[in-house]
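# Analysis of the macromolecular model
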Amino acid sequence: MLQYAFQRVLLALAIIFVAISALYTIMITLPGDPTTILLGPRATPELRAAFRANMGLDDPVLVQIVNFWGRILGGDMGTDYNRNRPVAEAVFNALPHTMALVFCAIFWSAALGIMLGAFSADNRNSWLDRISGILSVGFIAAPSFVVALYSLLLFGVILRWFPTIGAGESGDLGSRLFHLALPSFAIGLAWVGYIARIVRAAMLETLGENYIRTARAFGLPRRMVIYQYALRVAILPAVQVLGVGIGGMLSSAVFAEIVFSRPGIGSLIYESVSGRNYPVVMGAMLVAIGFFVTCALIADLVNAALDPRQRVT
């Protein structure tokens, strides 16, 4: 298990390095002069040249990438030129809001999706199974930004059940959770359908295994066989998908944070890309990709712990 974990950690670090280097290359080769946006149209050519030299934009791309990783390894993520503060401060002030949103969405969508999938498999080919299938596919087909807009209009503006903007009062847990309701609903709804379909398919396959037949032959209660023996194995594919699904939720969180005017990594990246604030963009992307890769790594390790056969692959 330790060798498997070590290999996965090395692979995760390699993915982060390649992804960030590629994104850095793409970003600095895009058209547009960041000095014009950051300094304004009235800045003199001398001031722009000095600013470009200070940001290191005149160096070759490879040198800029090496300098970027050198600063990261030294614990320096750069400076936010718009607000004259460290990038780390901007990123780590926004990160808890995005993590709370993503984990809240994962929690409720996984709980509901697993229950829905297990229920469908337990009642396969019944009218309840068909209704569950229709609902699951409908959830998958609904884009998160459309769900965000309609849930804001219905539950926030018309019914006024939930707040529509902001992240809640600082230090008030109830207010924070109340403001998470609509954004987490918007980005988690599609994952209810995904997880329900995956768990249902895995459950049907598992229910045909010999050890399940043996358990039934020994006269064990039906609910124990399905929900204690079969479900434990059937949720493994869902755990793997959830780890990868963090990336999808992070991209959905960008729309949710913009629609609901929430602080977070998504809204920070959006503002920084619009303002060509390269240091903040790279700092936020580094943390977002690191967060995604870490979640995928944890999902791999959990799968390997639950099913030793995974360590061979």
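Please refer to the structure higher up on the page.
The present account deals with the structure reproduced in this document. Note that this is a predicted model, so its numbers are computed, not measured.

Analysis parameters
- Residue numbers restart at each chain and count upward from 1, following the sequence in its written direction.
- Local features are withheld for residues below a pLDDT of 70 in this predicted model, meaning they are given only at 70 or higher, and side-chain atom pairs are given and counted only at 80 or more; totals for whole chains, interfaces and linings count all residues.
- Calculation of side-chain values draws on the structure's entire complement of heavy atoms; hydrogens and water are dropped beforehand.
- Helix and strand definitions follow DSSP, with helices as H or I runs of at least four residues and strands as E runs of at least two, each counted in order from the N terminus.
- Residue contacts are defined here by distance: any two heavy atoms, one from each residue, within 4.5 Å place the two residues in contact.
- The aromatic pairing rule takes the rings of Phe, Tyr and Trp, using the six-membered ring of Trp, and pairs them if the centres are within 6.5 Å, calling planes under 30 degrees apart stacked, those over 60 edge-to-face and the rest tilted.
- In plain words, nonpolar cores are sets of buried Ala, Val, Leu, Ile, Met, Phe, Trp, Tyr and Cys residues tied together by side-chain atoms within 4.5 Å.
- Buried, partly exposed and exposed residues are distinguished by accessible area as a fraction of the type maximum, computed with a 1.4 Å probe on protein chains only: under 20%, between the cut-offs, and over 50%, respectively.
- To define axes, lines are fitted to C-alpha atoms, for helices over the stretch in contact only, and angles between the resulting N-to-C directions are given on a 0 to 180 degree scale.
- Working rule for handedness: look at the near helix, and if it is turned counterclockwise from the far one by less than a right angle, call the crossing left-handed; if clockwise, right-handed.
- The residue classification treats Ala, Val, Leu, Ile, Met, Phe, Trp, Tyr, Cys and Pro as nonpolar and Asp, Glu, Lys and Arg as charged. All others, Gly included, are polar.

## Things to note about the environment of isoleucine 187
Position of isoleucine 187 relative to the elements: it lies in helix α8 (residues 173-206). Residues isoleucine 187 and valine 87, 100 residues apart in the sequence, show an inter-C-alpha distance of 27 Å. Apart from the residues lying within four places of it in its own chain, the contact partners of isoleucine 187 are Leu101, Val102, Ala105, Ser144, Met249, Ser252, Ala253 and Ala256.

## A look at the packing of aromatic side chains
Throughout the structure, instances matching the rule amount to nine aromatic pairs. Pairwise contacts between aromatic rings join Trp108, Phe155, Trp161 and Phe185 into one cluster.

## With respect to the nonpolar core
Of all hydrophobic cores here, the largest spans 38 residues; its most connected members are Val102, Ile195, Met203 and Ile246. Among the elements of the structure, α5 (87-122), α7 (144-158), α8, α9 (210-217), α10 (222-234), α11 (236-259) and α13 (278-306) are those that each provide at least two residues to this core. Among the elements that line this core, the one with the most residues is α8, at 10 residues. For methionine 203, the contacting residues outside a window of four places in its chain are Ala118, Ala121, Ile226, Ala230, Leu231 and Ala234. Core analysis: the next-biggest nonpolar cluster, separate from the first, contains 32 residues, Phe51, Phe68, Ala94 and Ala288 among them.

## As for the packing of α8 against α10
Here α8 crosses α10 at 115°, and the two axes come no closer than 8 Å. In the crossing of α8 with α10, the sense of the turn from one axis to the other is right-handed. Together, Val199, Ala202, Met203 and Thr206 of α8 and Ile226, Ala230, Leu231, Val233 and Ala234 of α10 make up the contact between the two elements. Among the residues forming the contact of α8 with α10, the class breakdown is eight nonpolar, one polar and no charged.

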